[in-house]
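Fold and geometry: a report
So you can see what is in the structure, the chains are spelled out below.
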Amino acid sequence: MAMEQGVRRPGGGTPLPSPVCPPAGFTCWLALCVAEVTPACPFSCTCEGLEVDCSGLGLTAVPPDVPAATRTLLLLNNKLSALPTWAFANLSSLQRLDLSNNFLDQLPGTLFEDLGNLTELQLRNNSIRALDGGLLRPTPRLRHLDLSLNGLARLPPGLFDELPALRSLSLRSNRLQHLDRLTFEPLAGLQLLQLGDNPWECDCNLRAFKHWVEWFSYRGGRLDQLACTLPKELRGRDMRAVPVEMFNYCARLEDEDGVAGPDAPGPPCTKASPEPPKPRPGAEPEPEPGTACPQKQRYRPASVRRAVGTVVIAGVVCGVVCVMMVVAAAYGCVYASLMAKYHRELKKHQPLMGKPEREREDQKQISSVA
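Residues numbered from 1 in each chain as written. Predicted model: local features only at pLDDT ≥ 70, side-chain atom pairs only at ≥ 80, totals over all residues. Heavy atoms only, no water.

Section: the state of the cysteines
Inspection of the entire model under this criterion finds three disulfides. Disulfide pairing is shown between Cys 41 and Cys 47; the S-S distance is 2.0 Å. The disulfide joining Cys 41 to Cys 47 has a torsion of about 85° about its S-S bond and is therefore right-handed. Judged by relative accessible area, which is 30%, Cys 41 ranks as partly exposed. Paired by a disulfide, Cys 45 and Cys 54 hold their sulfur atoms 2.0 Å apart. Taking the sign of the torsion about the S-S bond as the criterion, the disulfide between Cys 45 and Cys 54, at about 115°, is right-handed. (Disulfide = S-S within 2.5 Å. Buried < 20%, exposed > 50% of the residue type's maximum accessible area, 1.4 Å probe, protein only.)

So, in structure tokens, the structure goes:
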């Protein structure tokens, strides 16, 4: 750094002493201070404000020098296949994370342990086949989650238990055939659910989830088409349009099997009775119930739409019947009053009508005597 040795006064005269030239080490110290104040951008990435864009760089690992104050981290269109548990450590300010279009096939259960402020997570178009049940537990503020175009065949229980703020969820184009209703019940604030392009089997295993879907649609949730793949009779038909009566055979199958599900322990149970039921001719004898075998309750499917429709129809019918009863009562009163008036008038005219007839009879008697 070159500096002048003195600065002259405006009117001339003795020059003022100039600042002492700092040593060469001061420049390095100043550079270090500036580097500490301004966080460095990872190599080959572009940074704008609190957004770090590392997309489309062919990365095989997450850059280790991502600034701690980053709020948006874009890692889409890379070659990420595995992530260590500390990949996003110390990024507690991160709000948006995009890992779409990579080769991820497995995510560690504690991968998002430090992302308590995360509101959007994009995992679209990867090779994820399974998820840990506690993967999303550290992200209670998550609002948007995209898991589409993966290889998910099932969702672990409790995956969404700690996501009360979730508004949109996409599970399109996976390998899902059945879903558990209990997995989605904690999502009270969910508004958009995408489940299309999955090989749904519209059988007894999907019955409870169908009832949840009907409730979700009834309360205003948006849902795409759920086309059945199996059985063949329902192929291409929307699961929501399948009448609930078609699932009635599930209860009969459960009664025959004596179990409510594949995880029910113990031997098959039959209906409890003091005497064993008599076997039907040509049928195999049923096993005798044990002493500790509880009586199985028959499943009664509930449909919110049908319940509301039944209440509305019953109300309309009752209203029509009440109106008809009121009209009938009014008609009866009017008819009774008219008949009473008619009989009163008739009684008034009877003496007048009877006198000429008596005179005629008397004249006939006189003429016959003469």
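Read on, since the account is not over.
Some thoughts on the sheet that holds strand 8 (residues 144-146)
Strands sit in the order 3-4-5-6-7-8-9-10-12 across an open sheet of nine strands; the sheet is mixed. Strands with a single pairing partner mark the edges of an open sheet, and in this sheet they are strand 3 (46-48) and strand 12 (222-223). Of the pairings in the sheet, the one linking strand 9 (residues 168-170) to strand 10 (residues 192-194) comprises three bridges and is parallel in character. Residue pairing in the sheet places Ser 170 in a bridge with Gln 194 of strand 10. (Pairing = 2+ DSSP bridges. Helix = DSSP H or I, 4+ residues; strand = E, 2+ residues; numbered from the N terminus.)

Some details on the confidence of the model for the protein chain
The predicted structure's coordinates, where accompanied by low pLDDT, should not be read in detail. The predicted model of the protein chain has a mean per-residue pLDDT of 78, with 67% of residues at 70 or higher. When the criterion is pLDDT under 50, residues 259-275 qualifies, and its contacts beyond four places in sequence or with other chains add up to 17 contacts. (pLDDT = per-residue confidence, 0-100. Contact = heavy atoms within 4.5 Å.)

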